[in-house]
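Here are the chains, one letter per residue:
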Amino acid sequence: MSPADTSKIPNSLQEHWMPFTSNKDFKENPRLITGAKGVYLKNHHGKTMIDASSGLFCNPLGHGRKEIAEAVAKQLEQLDYVQPFQQGFGGSFELARRISKNTPGNLNRIFYTICGSSAVETAIKIVIAYHKAKGQGQRFRFVGRERAYHGMNIGATSVGGMINNVKTFASVLMPGVVHMRHTHLPDHKFVRGQPTSGVEMAEDLERICMNFGSENIAACIVEPIAGSTGVLVPPKGYLKRLREICDKHGIVLIFDEVITGWGRTGSAFASQEFGVIPDVMTMAKATTNGVVPMGAVAVKEEIYDAVMDASPKGAVELFHGYTYSGIPVSVAAALAVQDILEKENIFKKVKEMSSYFLDGIFSLKDLSGVDNIRGYGMLAGIDMKLKEKPGRAGFECFKTCYEAGVNFKATGDCLIIAPQFICEKKHIDEIIEKLRTGISNYMKK
Ligand SMILES: Cc1ncc(COP(=O)(O)O)c(C=O)c1O
């Protein structure tokens, strides 16, 4: 098979160990994608499906964007690689400038990573380096939250809070991590937007400060909307309260905006949408519209300055980085994305389409298999009622929906719907109609 033939049916499925996949199930009944254009995917049965999760939340500008492909192709011809340590090229500086125009407050210093996980790992290291630079090296604890997903390297797994992701690896996780409770309360049934109850869950951070000593706590990390666990929208006032507690105790507040970054809520970042500015913020996924790997960490100028000032001139200030930190091909894709975001006024588009999307999603409430629905911006979670063991309904329902012609991400018993920002009303209608068919067929099984 030549590189141009990668959409063909492979000779063998056995050698590839697939990530986060039921390999045995998949290899018996494969779901191969052979093409993608706009909001549609084509599978190996020749069937067209609507992509209701923007890939893995990463292609919100649509599949097969010519502008991005051309920028990447041109970049590869002109300058294919630059080593990112002690050397640079113009594009990465220009991209950092463009990113920092969109970040909240003065989170204007941008460190490039390879993906969301490495962005979280980098954020953890930057926080530690910052506290050391300020003479507070005793701050080693990180506070995460139950039901959080921050990625899969050791740092990100440690601060994450999804049981299946941590239980096998407990012996190698970071020491000193404590988790707050998640914010999903029993009365958050079919709540559209931010729940009005639950602000008090932020007091868990204050309790952790009392139990472990706030002077030992380096940072608190949360996803503004917990995405992969099933779209848990923060209660009103919750993020603001976390901010206050962090300020009171000198704790760094990290927002993991790997899903919410670049427009998913209707603002560039959820931080702006909810009016709370963190000290450090991660992003990835939509940064390149998912076509080449890239993540980034945006930090407050004071944090950058403190780390710079703590090192003598000529020394490397932060002993951290990746071979693929801000390489030309990723930068070219990300710059093309910045152009599209501006030219097509994408954040405004999301804001305008959000209520139509949420109307459609909440119309599924009448289906007997649906237990709960949540949503904000262009992101929604649908909890399925259990038919058998917990944790199976999402994937089983994913399969009947795939048959019905709609693709999304399932986690546990939840369907996560994150349409592309380029969706028109007719696409939203198609997503809802196919979800209705797929969910109904799942219930009949
Ligand atoms: C909030 C959040 N952080 C981090 C990650 C990890 O990103 P990646 O898979 O690119 O490493 C994800 C992935 O879904 C995520 O949702």
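Residues numbered from 1 in each chain as written. Predicted model: local features only at pLDDT ≥ 70, side-chain atom pairs only at ≥ 80, totals over all residues. Heavy atoms only, no water.

Points about the overall build of the chain
Note the cut-off: A run of H or I in DSSP becomes a helix once it reaches four residues, and a run of E becomes a strand once it reaches two; helices and strands are each numbered from the N terminus. Under the scheme applied here, a residue whose accessible area is under 20% of the maximum for its type counts as buried, over 50% as exposed, and between as partly exposed, the area being computed with a 1.4 Å probe on protein chains only. Contacts: residue pairs with any heavy atoms within 4.5 Å of one another. Here the Shrake-Rupley method, with its probe set to 1.4 Å, supplies the accessible areas, and only the displayed protein chains count as covering residues.
Per the secondary structure count, the chain includes 15 helices and 15 strands. Taking the principal axes of the C-alpha coordinates as reference, the chain spans close to 65 × 55 × 45 Å. Burial analysis of the chain (445 residues in total) assigns 56% to the buried set. Restricting to contacts in the chain with at least 6 residues of sequence separation, those with at least 24 account for 72%. Here the chain has roughly 19,600 Å² of accessible surface; of this, 54% comes from carbon and sulfur atoms.

Brief notes about the site of the ligand
How we decide: Put simply, a residue is near a molecule or strand once any heavy atom of it comes within 4 Å of that molecule or strand. N or O atoms within 3.5 Å of each other form a polar contact, as long as, within protein, one can give a hydrogen and the other can take it, and as long as residues adjacent in sequence are counted only when both atoms are side-chain atoms. Charged means Asp, Glu, Lys or Arg here, nonpolar means Ala, Val, Leu, Ile, Met, Phe, Trp, Tyr, Cys or Pro, and polar covers whatever is left, Gly included.
Surveying the vicinity of the ligand reveals the residues Cys115, Gly116, Ser117, Tyr149, His150, Gly151, Glu223, Ser228, Asp256, Val258, Ile259 and Lys285. Within the side chain of Lys285, one N or O atom sits 3.0 Å away from an oxygen atom of the ligand. About the coverage of the ligand: the protein hides 84% of its 390 Å² of free accessible area. Classifying every residue of the shell around the ligand by side-chain character gives four nonpolar, five polar and three charged.

Remarks on helix α12 (residues 328–343)
Rule in force here: A helix is expected to span 1.5 Å multiplied by its residue count minus one.
When the terminal C-alpha atoms of α12 are compared, their 22 Å separation across 16 residues agrees well with the 22 Å that a helix rising 1.5 Å per residue should span. The buried count for α12 comes to 13 of 16 residues, which makes it a mostly enclosed element. Immediately beyond the C-terminal end of α12, within one or two residues, lies Asn345, with a positive phi of roughly 50°.

Examining the sheet that holds strand β1 (residues 33–37)
The line we're drawing: For two strands to pair, DSSP has to find at least two bridges joining them. Between N-to-C directions, angles span 0 to 180 degrees; the directions come from axes that are lines fitted to C-alpha atoms, helices contributing only their stretch in contact.
If you trace the four strands from one edge of the open sheet to the other, you get β1-β2-β3-β13, paired in mixed fashion. Of all strands in the sheet, those bounded by a partner on one side alone are β1 and β13 (406–407). Bridging between strand β3 (residues 48–51) and β13 involves two bridges; their strand directions are parallel. In the sheet register, Ile50 faces β13, and the bridge partner there is Val406. Taken strand by strand, helix α15 (residues 425–444) contacts β2 (40–43), β3 and β13, and its axis lies near 110° from that of β3.

Overview of empty space enclosed by the protein
Summary: where empty space remains is shown by rolling a probe the size of a single water molecule over the atoms. What counts here: With a 1 Å grid spanning the protein atoms alone, the term cavity applies to any set of points in which a 1.4 Å probe fits but cannot get out, the term pocket to an open set with protein on both sides within 12 Å along at least five of seven lines, and the term lining residue to any residue with an atom within 4 Å of a point. Grid points are joined across faces, edges and corners, and a volume is the space filled by probe spheres set on the points.
Counted according to the given criterion, the structure contains three cavities of 30 Å³ or more. Its boundaries defined by the atoms lining it, the largest cavity holds a volume of some 70 Å³. Looking at the lining of the largest cavity residue by residue, the class counts come to four nonpolar, five polar and one charged.

Brief notes about the pattern of salt bridges
Let me state the cut-off plainly: By convention in these notes, a salt bridge is any Lys or Arg side-chain nitrogen within 4 Å of a carboxyl oxygen on Asp or Glu.
For the structure shown, the criterion picks out 24 salt bridges. A salt bridge links Glu430 to Lys434; its shortest N-O distance comes to 2.8 Å. In this pair, Glu430 and Lys434 are both assigned in helix α15, four residues apart and thus about one turn of the helix distant. The same class applies to Glu430 as to Lys434, namely buried. Connected through salt bridges with shared partners, the residues Arg98, Lys101, Asp339 and Glu342 form a single ionic network.

A closer look at helix α14 (residues 393–404)
With 12 residues, α14 should reach 16 Å at 1.5 Å per residue; the first-to-last C-alpha distance of 16 Å fits that figure. Most of α14 sits out of view: nine of its 12 residues are buried. In the stretch just after α14, Gly405 is the one whose phi turns positive, near 95°.

Focus: the packing of α14 against α15
What counts here: Relative orientations are named as follows: roughly parallel for angles under 35 degrees, roughly antiparallel for angles over 145 degrees, roughly perpendicular for angles from 65 to 115 degrees, and oblique for any other angle. Crossing handedness follows the turn of the near helix against the far one: under a right angle anticlockwise gives a left-handed crossing, and clockwise gives a right-handed one.
Taken N-terminus to C-terminus, the directions of α14 and α15 make an angle of 125°; their axes are 8 Å apart at the nearest point. Relative to α15, the element α14 lies oblique. Seen from above, α14 lies across α15 with right-handed handedness. On α15, the residues touching Ala393, Glu396, Cys397, Thr400, Cys401 and Ala404 of α14 are Lys434, Leu435, Thr437, Gly438, Ile439, Asn441 and Tyr442. Here the residues of the contact of α14 with α15 sort into seven nonpolar, four polar and two charged.

Some thoughts on the sheet that holds strand β6 (residues 177–180)
The strand order across the open sheet built from seven strands is β4-β10-β9-β8-β7-β5-β6, with neighbouring strands paired in mixed fashion. Since the sheet does not close on itself, it has two edges, and those belong to β4 (109–113) and β6, each with one partner. The mean inter-strand angle of the sheet, taken between neighbouring strand axes irrespective of direction, is 20°. As judged from the three bridges shared by strand β8 (residues 252–256) and strand β9 (residues 280–283), these two strands associate in the parallel manner. Each bridged residue has a counterpart across the sheet, and for Phe255 the counterpart in β9 is Met281. In this fold helix α8 (residues 203–212) packs onto β5 (141–145), β6 and β7 (217–222), with an angle of close to 145° to the strand it touches most, β6.

Points about the nonpolar core
Test applied: Buried Ala, Val, Leu, Ile, Met, Phe, Trp, Tyr and Cys residues that are joined via side-chain atoms within 4.5 Å together make up what is termed a nonpolar core.
Ranked by internal contacts, the top residues of the largest apolar core, which has 102 residues, are Met180, Cys220, Ile361, Ile382, Ile417, Leu435 and Ile439. Among the elements that line this core, the one with the most residues is α12, at nine residues. For Cys220, the contacting residues outside a window of four places in its chain are Val143, Met180, Leu205, Cys246, Ile251, Val252, Leu253 and Ile254. In this structure, Val120, Ile126, Ala129 and Val307 belong to the second largest nonpolar core, which totals 24 residues.

Some points on the side chain of Thr260
With respect to the helices and strands, Thr260 occurs in the loop between β8 and α10 (270–274). The exposure class assigned to Thr260 is buried, which follows from its relative accessible area of 2%. Separated by 2.8 Å, the side chains of Thr260 and Glu257 make a polar contact. Once residues within four sequence positions are removed from consideration, Thr260 is found in contact with Pro224, Ile225, Thr265, Ala268, Phe269 and Ala270.

Quick look at the side chain of Arg98
Within the secondary structure layout, Arg98 lies in helix α4 (residues 90–102). Not counting residues up to four positions away in its chain, the partners in contact with Arg98 are Leu335, Gln338, Asp339 and Glu342.

Topic: the pairing of β3
Where β2 meets β3, three bridges bridge the pair, whose relative direction is antiparallel. Across the sheet, residue Lys42 finds its bridge partner in β3, namely Thr48. Connecting β2 to the next strand, β3, in antiparallel fashion are four residues, including Gly46 with a positive phi near 80°.

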